[in-house]
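# Notes for the structure review
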Amino acid sequence: MRNFMIRKVAVLGAGVMGAQIAAHCANADVPVALFDLPAPEGDPNGIVRKAIDGLKRLEPAPLAAKDCADYIDAAHYDAGLEALRGCDLVIEAIAEKMEWKRDLYAKVAPYIAGNAIFASNTSGLSIEALAGALPEALRRRFCGIHFFNPPRYMRLVEIIPCRASALGMLDDLETFLTTTLGKGVVRAADTPNFIANRVGVFSMLAVMHHADRLGLGFDVVDALTGPAIGRPKSATFRTADVVGLDTLAHVIGTMRNALPADPWHPHYAVPPWLAALIEQGALGQKTKIGIYRKEGKLISVLDPAARDYRPAAGEVDAEVAAMLKLKQPAEKFARLRAHASPQAQFLWAIFRDVFHYCAVHLETIAGNARDVDLAMRWGFGWREGPFETWQAAGWQAIAEAIQADIATGHTMSAAPLPGWVFDGRAGVHNPRGSWSPRAKADQPRAALPVYARQIFPERVLGEAAEDGKTVFENDAVRMWTAPGDADIAVLSFKSKLNTLGPDVVEGILEAVARAECDYQGLVIWQPKPPFSAGANLAALAPAIEAGDFAALEKAVARFQHMTQTLKQAQVPVVAAVNGMALGGGCEVVMHASRVVAGLESYLGLVEAGVGLIPAGGGCKEFALRAHEGAARIAGGDVFLFLQSAFQTIAMATVSKSAPQARELGFLREADAVVFNPDEALHVARQTARALREAGWRPKPPARAIKAAGRNGIATLEMMLVNMKEGGMISAHDYSVAKGAAVALCGGDVDTGARVDEAWLLAVERHEFMTLLKTEKTQQRIAHMLATGKPLRN
């Protein structure tokens with residue numbers, strides 16, 4: 001297999017998308033040259049420098065760590081184009097104007113290296129038309145590369161070839177996007193708006209059409225088209241505000257202008273109320289007003305009939321809500337279609353018309369049905385793609401219902417369903433692959449070598465799935481081995497949010513014992529995030545209410561024994577983390593031999609939120625790591641290393657990325673960060689195997705840890721006094737934070753005294769139990785269990 005290395009990337013255009021694409025490359029340690037026009041005055045690179053500075057202030061943060069911006073070099077087109085010669089991938093991300101892009105291509109083409117890939121981030125313009133502006137030799141290395149906004153967080157990238165695009169180049173680009181940038185790649189046909197925007201924007205137009213037809217308010221529609229049907233919380237109209245109403249209108253305009261023969265062409269139009277908002281400059285979130293308006297805590301929604309705003313209070317009708325909760329999709333859709341209420345008719349209509357649209361256009365926009373479903377999951381955040389939803393509801397029954405509605409004129413288009421819909425199939429996905437009208441066959445997944453790293457890729461409904469071979473399983477955990485890998489065991493939790501109750505703790509202990517006997521290593525990995533939301537407070541609640549503190553202390557000691565067992569395991573234990581690892585979940589991670597963390601790993605010791613301190617070894621580990629850090633520096637002061645740990649615990653700080661988790665001390669330098677969460681299990685197994693091959697032995701428990709002692713506690717307590725007197729923390733916050741200070745500093749010992757790990761565990765356990773016995777901590781725990789939110793008391 002040949003290796004095409006992308007060592008440096010250039011991004012042309014420092015606008016919203018260009019700057020954030022550059023940021024995500026920098027997150028992956030890929031140096032970037034970010035280009036734009038020269039500034040009219042002052043520093044010629046002023047436009048780009050301003051964009052780079054802006055990246056540090058954006059939320060959600062495009063930079064995984066603020067110093068990632070150091071990997072982005074500023075450049076401008078007038079004097080910086082020579083820098084393109086050293087770039088292996090050049091991404092154009094300027095405004096969506098064909099003539100501007102073609103003019104820029106003529107300018108940069110002579111500077112693009114002979115083996116470099118050139119790609120446009122256009123969201124819908126013709127790739128073939130753009131390729132026409134390039135020299136013939138460069139066209140083989142040109143394609144579309146459509147990121148979704150925001151690029152760090154949205155998984156989808158569409159690759160769109162032109163006729164001349166070299167297959168090997170496309171494979172190289174897909175490999176880079178998949179592993180280095182962590183993306184889910186779908187190859188789309190060169191049709192207007194490609195796959196996700198084509199289907200997604202049509203879905204929004206269908207919602208607008210049927211909302212108007214049935215007289216439903218925009219807030220009611222958003223209540224219906226969000227999580228209630230497996231879509232994001234922003235639903236439809238809030239999503240439009242976030243995207244930008246002008247941007248939405250532009251995408252609709254692209255469809256209208258480029259698809260004159262489309263059966264749905266009459267509906268590719270900006271509604272009058274939307275045009276009026278754009279005319280007024282009410283463009284959504286970026287102008288603070290659009291379909292919704294927020295004034296303080298009051299959220300208002302546009303009433304298009306009144307041409308004014310009213311308080312937003314949309315709700316789903318009780319009968320419709322009950323239908324949406326039905327577990328059988330076939331029953332759910334049948335009842336929605338038969339029900340007379342406007343909300344039920346609306347829901348049936350928007351699903352029906354999207355099914356109809358996707359069936360008719362599948363052959364022209366995508367290689368197969370799987371690509372459409374994954375594009376809508378990854379690009380629009382749908383829980384299921386349209387074909388999956390249709391198949392789950394009963395393929396033939398839904399097809400006949402659509403056909404009947406076409407015949408009676410109820411659909412948005414009279415276009416007939418394609419013949420393949422009625423060929424006796426049960427759906428478009430099956431263990432062999434997904435239906436491709438173009439190939440007239442079911443197509444398996446891509447066989448690129450990069451996908452061998454995804455042991456359990458994200459599957460679509462009906463696709464063949466492999467769960468591995470079970471070693472042991474109970475209600476709390478499952479220990480198993482993955483296909484073709486019998487020497488590394490995997491442990492997964494089965495509790496809600498993968499919380500750590502006594503049963504999971506015992507399951508971990510059993511898994512370690514079995515791994516030491518029969519396997520070369522153990523990986524802790526969850527099929528779906530989070531890694532773990534922490535200790536199962538609900539399991540402890542009865543003992544708290546009964547005041548059975550002896551049993552509770554025994555449970556804490558057992559948890560500490562579990563984390564120490566992980567740390568002292570005679571085989572490598574690797575934690576493969578994706579999503580949240582909070583409280584006790586974070587402590588499990590901190591005690592693993594190594595960690596393989598997905599980029600979007602959010603780690604934190606958050607016990608302060610319920611009036612407690614970490615007592616599963618979290619305080620002990622920070623004290624130990626502070627000792628080790630100080631020991632690496634001549635005359636190093638352990639307290640200097642403890643201050644940041646104290647702030648992290650006292651403030652219940654949660655990392656916003658895996659690199660930030662390393663900055664906060666939850667991860668070590670030797671721990672790996674992977675960008676594609678589907679590769680974490682593969683990398684974790686390889687890490688465990690490599691450690692074993694290198695002769696893995698755990699370090700014996702540390703016996704001479706230098707403690708910050710009384711002086712350290714006193715210094716940290718001075719910080720708390722100032723915060724309390726300034727009204728920044730409550731009296732109980734003070735008590736909780738002091739407990740953390742005592743645990744981190746090793747308790748009531750002389751500064752510089754040497755203690756062992758068992759001592760530190762005993763101190764943190766004592767401070768934990770002291771807090772647990774207080775009324776205010778018990779109130780915090782009860783409030784968290786009742787509401788899911790922290791209580792400040």
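Refer to the preceding data block for the structure.
Small disclaimer: the values here were computed from a predicted structure and weren't measured.

## Describing the nonpolar core
The biggest cluster of nonpolar side chains holds 113 residues, and the ones touching the most others in it are F118, I291, F387 and W390. Per element, the largest residue contribution to this core is 13 residues, and it comes from helix α14 (residues 342–365). When neighbours within four sequence positions are excluded, I291 is seen to be in contact with F218, F237, A240, D241, L245, W273, L277, S300, V301, L302 and Y309. Of all hydrophobic cores here, the second largest spans 83 residues; its members include C586, I613, L642 and L716.

## Re the sheet that holds strand β14 (residues 441–443)
Taken in spatial order, the three strands make up an open sheet running β12-β13-β14, and their pairing is antiparallel. The open sheet has two edge strands, β12 (429–430) and β14, and neither has a second partner. Note that β12 and strand β13 (residues 433–436) share two bridges and pair antiparallel. Its bridge partner being in β13, H429 is matched across the sheet by S434. Relative to β13, helix α15 (residues 369–380) is tilted by about 105°, and along the sheet it contacts β12, β13 and β14.

## Points about unusual backbone geometry
N149 connects to P150 through a cis peptide bond whose omega is 0°. Note that P150 resides in the loop between β6 (142–147) and β7 (156–161). Here the bond from P529 into P530 is cis, since omega is 10°, no more than 30 degrees from zero. Inspection of the secondary structure puts P530 in the loop between β18 (521–525) and α19 (537–546). One non-glycine residue with positive phi stands out, namely D29, at about 65°. The topology assignment puts D29 in the loop between α1 (16–27) and β2 (32–36). D29 gets classed as exposed once you look at its relative accessible area, which sits at 52%.

## Some thoughts on the side chain of N27
Positionally, N27 belongs in helix α1. Beyond its immediate stretch of four places on either side in the chain, N27 contacts P62, L63, A64, A65, C68, R152 and F675.

## Some words on the side chain of D373
Mapped onto the elements, D373 comes out in helix α15. Excluding its chain neighbours within four sequence positions, the residues that come into contact with D373 are G385, P386, F387, E388, H429 and V460.

## Notes on the pairing of β18
Within β18, five of the five residues are buried, which leaves the element mostly enclosed by the surrounding structure. Neither face of β18 is exposed, since G521, V523 and W525 on one face and L522 and I524 on the opposite face are all buried. Direction of pairing for strand β17 (residues 485–493) relative to β18: parallel, over a ladder of four bridges. Within β18, the residue paired with I488 across the bridge is G521. Read as a crossover between parallel neighbours, the route from β17 over helix α18 (residues 502–518) to β18 is right-handed. Here four bridges tie β18 to strand β19 (residues 573–582), and the two strands are oriented parallel to one another. Bridging across to β19, L522 finds its partner in V573.

Parameters at a glance
Residues numbered from 1 in each chain as written. Predicted model: local features only at pLDDT ≥ 70, side-chain atom pairs only at ≥ 80, totals over all residues. Heavy atoms only, no water. Core = buried A, V, L, I, M, F, W, Y, C linked by side-chain atoms within 4.5 Å. Buried < 20%, exposed > 50% of the residue type's maximum accessible area, 1.4 Å probe, protein only. Helix = DSSP H or I, 4+ residues; strand = E, 2+ residues; numbered from the N terminus. Contact = heavy atoms within 4.5 Å. Pairing = 2+ DSSP bridges. Axes fitted to C-alpha atoms, helices over the stretch in contact; angles between N-to-C directions. Right-handed = clockwise from strand over helix to strand, strands pointing away.

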